[in-house]
Amino acid sequence: MTSTGAQASASGPLLGDLFQVIVPRPIKLAEFIANRRAEGYVRYLRPWNLDSPLIVDPDHSGDSDFDDGQWLTDAPPENLVQAGDVLMPQFFGRRGPRLSLVGQISIPAAAARALLILRPVVPIDPSHLRLITAFLRSSPQLRALCSMLKGDFRITASALRSLRVPGWDDALSAALGELDSASSQMARWHQEAESLADNVFEDSEDPVQARRSIIRAGQLIRLRADAAAQLDDPGYIARTRFPYPLAQRWREVEARMSTDDRDRAYKAVLDAAEALLGFCALLVASLAQEADISSKALRSLKNKISAQLGGPGFGDWTRILQQAASATGTASLDADHPFHELAALLVEGSDADQAAARLAGRRNNHAHGRANEPLPSAGALAEAFADLALLFERARFLADWSLLHVTSVNWDRLSASETVGYRRLTGDHPVVPTATMVVTGADRIETGSLYLADRDQNLHPLRPFLTCEICEACSSWSIFHADKENGQLIQRSLEHGHNYPYRGNEAPLRAVGLR
């Protein structure tokens, strides 16, 4: 996979290898006919016309009432644009150039002298074209090729041809496509709301009846807006989009914080912090086992469970995350591998690293009865909660991944694929519907095991570092990890801390060095 950004542009193709860069001729004012659309005339496109949806939508078809600006009688051939051309201004500000893709409805049209016409000379996939235009809008390399004129950047055709642009990148192109899709969906909802408002009196001129009609018809629009607004609340994201053990912990924190019981609220905050760091550290351990990555902290984790009397705690989880960035064996990982985001969570000296250190100190003091007061002060509770919220915010990448419990696997020999039944353990409730997916690849999927599905839906096995079953203590569906207490191997729940002797097969633990 091609990396993105500056490295991508350094090794990608020259823009001149992909596009013919055409400089339009100047147009004489005598050739203009203002605000007239008739047979034989062509629309005159200038930089401010690049905002028009008639230009940027290549799939739009049909007639249009667009009649803004000026029209030409005899446009020079060099100025005529074609469907599939990309229009770019020669002058632009610090926010970058605005580019537009010419569609069928835009033509006949001619470009002004202030525009450049980028005409593909080889077939370019729409996703690759989207990637190139995004690069041109935001690239420092493009600005480096520009001259300055009255505070604006000016790019010449020859300089533009010499610019290296990104090659094909599946992951980045897919991410841009998802962003475009989300933008288009929100635009459709916006148009739906405007249409409803514009036609409020279509069925009745009675204000009372119109109000009833708009309340009924606009219910779904209001629900969409309410749901979208909640995504600005980090707590809502934690409760609904984080993996189940962490979402459940966050829900308990919010419930405890709403009461006057500061001691239980304080403990819930510290427990949630340890659950978050423990879950992330165990993901690191699982991914490291899969990719043959090692660090001192990971070896210490295995040694604690296999040989020592006590198991891992807050400090061990923190060290695993702190050392992930410098672990050996990461060089061969894909740029989009989830290990990298986990490794960036507790970068030394970062605000998240400092928050984790403060919470670790509070955890130790609380566990050993070193608090100065019988109850934590309101200020101490508020500070601990602020640190927890910061850690959840920095770990928001978890909302893009999925914790999957595989319930069934059916192998198809002819297609060399598996139809996998799974439960997506997302949000603060473990009772979720079962869905299916088709998986191909060399690694067989295990029924009953947990997997991490990354943004590209690659499945990473989590057994035996993370397992799941009905808890013997509370009969709730729970996620467990291996632990040690007084020399005895136990399994401990991430959701509520319940633990009991490890009753499963220990062979998988021995296979990864945990026994």
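The structure presented is a predicted model; accordingly, all values stated were derived computationally and were not measured.

**Student:** How should I be thinking about the overall build of the protein chain in this particular structure?
**Tutor:** Regarding its fold elements, the protein chain presents 18 helices and 20 strands. The long-range share in the protein chain, meaning contacts at least 24 apart out of those at least 6 apart in sequence, stands at 68%. Total accessible area computed for the protein chain in this model is approximately 26400 Å², and 50% of it derives from carbon and sulfur atoms.

**Student:** In this structure, what is going on with the environment of Leu118? I would like to understand it.
**Tutor:** Note that Leu118 resides in strand E9 (residues 115–120). Accessibility expressed as a relative area gives 1% for Leu118, which makes it buried. A sequence separation of 31 residues divides Leu118 from Leu87, and the C-alpha atoms of the two residues are 6.2 Å apart. Discounting residues that sit within four places of it in the chain, Leu118 has contacts with Leu15, Phe19, Gln20, Asp85, Val86, Met88, Leu136 and Leu160.

**Student:** What is the right way to look at the nonpolar core in this model?
**Tutor:** A general feature of soluble globular proteins is that nonpolar side chains tend to end up buried together. Counting 78 residues, the largest nonpolar core has Phe242, Leu283, Phe339, Leu391, Leu398, Leu466 and Ile479 as its most contacted members. When residues no more than four places from it in sequence are discounted, the contact partners of Leu391 are Leu276, Leu277, Leu345, Leu346, Ala352, Ala355, Ala356 and Leu359.

**Student:** Before we go on, may I ask you to explain the side chain of Arg249 in this structure?
**Tutor:** With respect to the element layout, Arg249 can be found in helix H11 (residues 244–257). The exposure class assigned to Arg249 is buried, which follows from its relative accessible area of 9%. Among the polar contacts listed, one links the side chain of Arg249 to the backbone oxygen of Glu495, at a separation of 3.0 Å. Contact partners of Arg249, with chain neighbours within four places excluded, come to Asp271, Ala272, Ala275, Ser493, Leu494, Glu495, His496 and Gly497.

**Student:** So what exactly am I meant to see when it comes to the pattern of salt bridges here?
**Tutor:** Side-chain pairs of opposite charge can arise where the charged atoms are in close proximity. Enumeration over the complete set of coordinates arrives at 23 salt bridges. For Glu254, the salt bridge is made with Arg239, and the minimal N-O distance between the two is 2.7 Å. Note that Glu254 is positioned in helix H11 and Arg239 in helix H10 (residues 234–241), a separation of 15 residues in sequence. Taking the shortest distance from any N to any O, the salt bridge between Arg394 and Asp351 comes out at 2.4 Å. Taken together, the residues span a long stretch of sequence, with Arg394 in helix H17 (residues 378–394) and Asp351 in helix H16 (residues 351–367) at a distance of 43 residues.

**Student:** Sorry, what's going on with the packing of H11 against H17 here?
**Tutor:** For any two helices packed against each other, one specifies the inter-axial angle together with the distance between the axes. The contact between H11 and H17 brings their axes to 13 Å, and the two run at 155°. Taken as axis vectors, H11 and H17 run roughly antiparallel relative to one another. Crossing of H11 against H17: the hand is left-handed. Residue-level contacts link Leu246, Trp250, Val253 and Met257 of H11 to Leu381, Phe385, Leu388, Ala389 and Phe392 of H17.

The rules behind the values
Residues numbered from 1 in each chain as written. Predicted model: local features only at pLDDT ≥ 70, side-chain atom pairs only at ≥ 80, totals over all residues. Heavy atoms only, no water. Helix = DSSP H or I, 4+ residues; strand = E, 2+ residues; numbered from the N terminus. Contact = heavy atoms within 4.5 Å. Areas by Shrake-Rupley, 256 points an atom, 1.4 Å probe, with all protein chains shown as cover. Buried < 20%, exposed > 50% of the residue type's maximum accessible area, 1.4 Å probe, protein only. Core = buried A, V, L, I, M, F, W, Y, C linked by side-chain atoms within 4.5 Å. Polar contact = N/O pair within 3.5 Å; in protein donor to acceptor, adjacent residues only side chain to side chain. Salt bridge = Lys/Arg side-chain N within 4 Å of Asp/Glu carboxyl O. Axes fitted to C-alpha atoms, helices over the stretch in contact; angles between N-to-C directions. Parallel < 35°, antiparallel > 145°, perpendicular 65-115°, else oblique. Left-handed = near helix turned anticlockwise from the far one by under 90°.

These results come straight from atomic positions and should not be treated as a statement about function.
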